[in-house]
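One letter stands for each residue in the lines below.
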Amino acid sequence: VRRAAERASALGRRGSEGYLALGYYYGLVEHDDVRALEQFNLGLGAAPNDADLLIATSLAEQTLGRWDDALTHFRRAALVDPRAIDVVVGLGHVLLRVVIQTALKMPMPAPPQAWAVAIAGAGARMASSATAGAISRTSSVQVSIGRTG
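Note that the coordinates shown come from a computational prediction; the quantities given were computed from them, not determined experimentally.

Peer 1: Which parts of the structure should I look at to understand the overall build of the chain?
Peer 2: Across its full length, the chain carries eight helices and zero strands. Reading the helices (α) and strands (β) of the chain from amino to carboxyl end gives α-α-α-α-α-α-α-α. For the chain, buried positions account for 38% of its 149 residues. In the form shown here, the chain has an accessible surface area of approximately 8,700 Å², with 59% of it arising from carbon and sulfur atoms.

Peer 1: Would you explain the packing of aromatic side chains in this entry?
Peer 2: Each aromatic ring pair is summarised here by two numbers: the centre-to-centre distance and the angle between the ring planes. Under the definition given, this model contains two aromatic pairs. Centre to centre, the rings of Tyr 24 and Phe 40 are 5.5 Å apart; their planes meet at 70°, and the pair counts as edge-to-face. Of the two residues, Tyr 24 sits in helix H2 (residues 17-29) while Phe 40 sits in helix H3 (residues 33-46), which places them 16 residues apart along the sequence. For the residue pair Tyr 24 and Phe 40, the accessibility class agrees, reading buried in each case.

Peer 1: Sorry, what's going on with helix H4 (residues 51-63) here?
Peer 2: Helical periodicity: at 3.6 residues per turn, an α-helix aligns residues three or four positions apart in one direction. When the terminal C-alpha atoms of H4 are compared, their 19 Å separation across 13 residues agrees well with the 18 Å that a helix rising 1.5 Å per residue should span. Counted residue by residue, H4 has 12 buried out of 13 residues, so it is predominantly covered. With a side-chain oxygen positioned 2.9 Å from the backbone nitrogen of Asp 52, the residue opening H4 is Asp 50. Looking one or two places after H4, you find Gly 65, whose phi comes out positive at around 80°.

Peer 1: Sorry if this is basic, but what is going on with the environment of Asp 33 here?
Peer 2: Along the polypeptide, Asp 33 turns up in helix H3. For Asp 33, a relative accessible area of 16% puts it in the buried group. On a C-alpha basis, the gap between Asp 33 and Thr 57 in space is 9.8 Å, while along the polypeptide they are 24 residues apart. A polar side-chain atom of Asp 33 sits 3.2 Å from a polar atom in the side chain of Thr 63.

Peer 1: Can you walk me through unusual backbone geometry in this structure?
Peer 2: Most of the time, phi is negative for any residue but glycine, and the peptide bond is trans. The phi dihedral of His 31 falls on the positive side, at around 55°, and the residue is not glycine. Note that His 31 resides in the loop between H2 and H3. Exposure remark for His 31: the relative accessible area of 62% places this residue in the exposed category.

Peer 1: Explain the side chain of His 73 to me, please; I cannot follow it from the model alone.
Peer 2: Following the sequence through the fold, His 73 ends up in helix H5 (residues 67-80). On the accessibility criterion, His 73 (12% relative accessible area) is buried. Sequence-distant contacts of His 73, that is, excluding residues within four places in its chain, are made with Leu 44, Leu 54, Thr 57, Ser 58 and Glu 61.

Peer 1: So what exactly am I meant to see when it comes to a nonpolar patch on the surface here?
Peer 2: Judged by side-chain polarity, Ile 85, Val 88 and Val 89 come together as a nonpolar surface patch covering roughly 270 Å² of accessible area. Secondary-structure assignment places Ile 85 in helix H6 (residues 85-104). On the accessibility criterion, Ile 85 (55% relative accessible area) is exposed.

Peer 1: Is there a simple way to explain H5 in this structure?
Peer 2: Between its first and last C-alpha, H5 extends 20 Å over 14 residues, near the 20 Å set by a 1.5 Å rise per residue. Turning to H5, its buried residues are Trp 67, Ala 70, Leu 71, His 73, Phe 74, Arg 75, Ala 77 and Ala 78.

Peer 1: Just checking my understanding: could you explain the environment of Val 34 for this structure?
Peer 2: Within the secondary structure, Val 34 is located in helix H3. Counting along the chain gives 29 residues from Val 34 to Thr 63, while the straight-line C-alpha distance between them is 9.4 Å.

Thresholds applied
- Residues numbered from 1 in each chain as written.
- Predicted model: local features only at pLDDT ≥ 70, side-chain atom pairs only at ≥ 80, totals over all residues.
- Heavy atoms only, no water.
- Helix = DSSP H or I, 4+ residues; strand = E, 2+ residues; numbered from the N terminus.
- Buried < 20%, exposed > 50% of the residue type's maximum accessible area, 1.4 Å probe, protein only.
- Areas by Shrake-Rupley, 256 points an atom, 1.4 Å probe, with all protein chains shown as cover.
- Phe/Tyr/Trp six-rings, centres within 6.5 Å; stacked < 30°, edge-to-face > 60°.
- Expected span 1.5 Å × (residues − 1).
- Polar contact = N/O pair within 3.5 Å; in protein donor to acceptor, adjacent residues only side chain to side chain.
- Contact = heavy atoms within 4.5 Å.
- Patch = residues over 30% accessible without salt bridge, like charges linked within 9 Å, V, L, I, M, F, W, Y side chains within 5 Å.
- Salt bridge = Lys/Arg side-chain N within 4 Å of Asp/Glu carboxyl O.

Pasting the structure below:
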């Protein structure tokens, strides 16, 4: 798995896919969220508006307890791809945790399911891409993204 992720990274140096693959490898296989976040940030340097990288970055930040950063990245992902269900659900999850943390005035532990959400969300995004065109022609959804502080 690691060799495949490293190969994808080497082949896609100018794009974001290699960084995404290597970041997921570090997060899911090595359980090294710091290295995963480093890869995702490198990918964002190459593709700052890549919704998948923004989501992955936010998930890694959540596992590290960086809730404000996670919220920032999910908001950016929502601006890039407001109809993606994993973006909407993820943004809602982070907003809820930030509100609870603020109300309780205590730190929130990282969610153990963050990486499982990433896998499920990535699968849903791939499956929905085939119908995205049809949906966009038949309905319109407007998402308002508020700012805190």
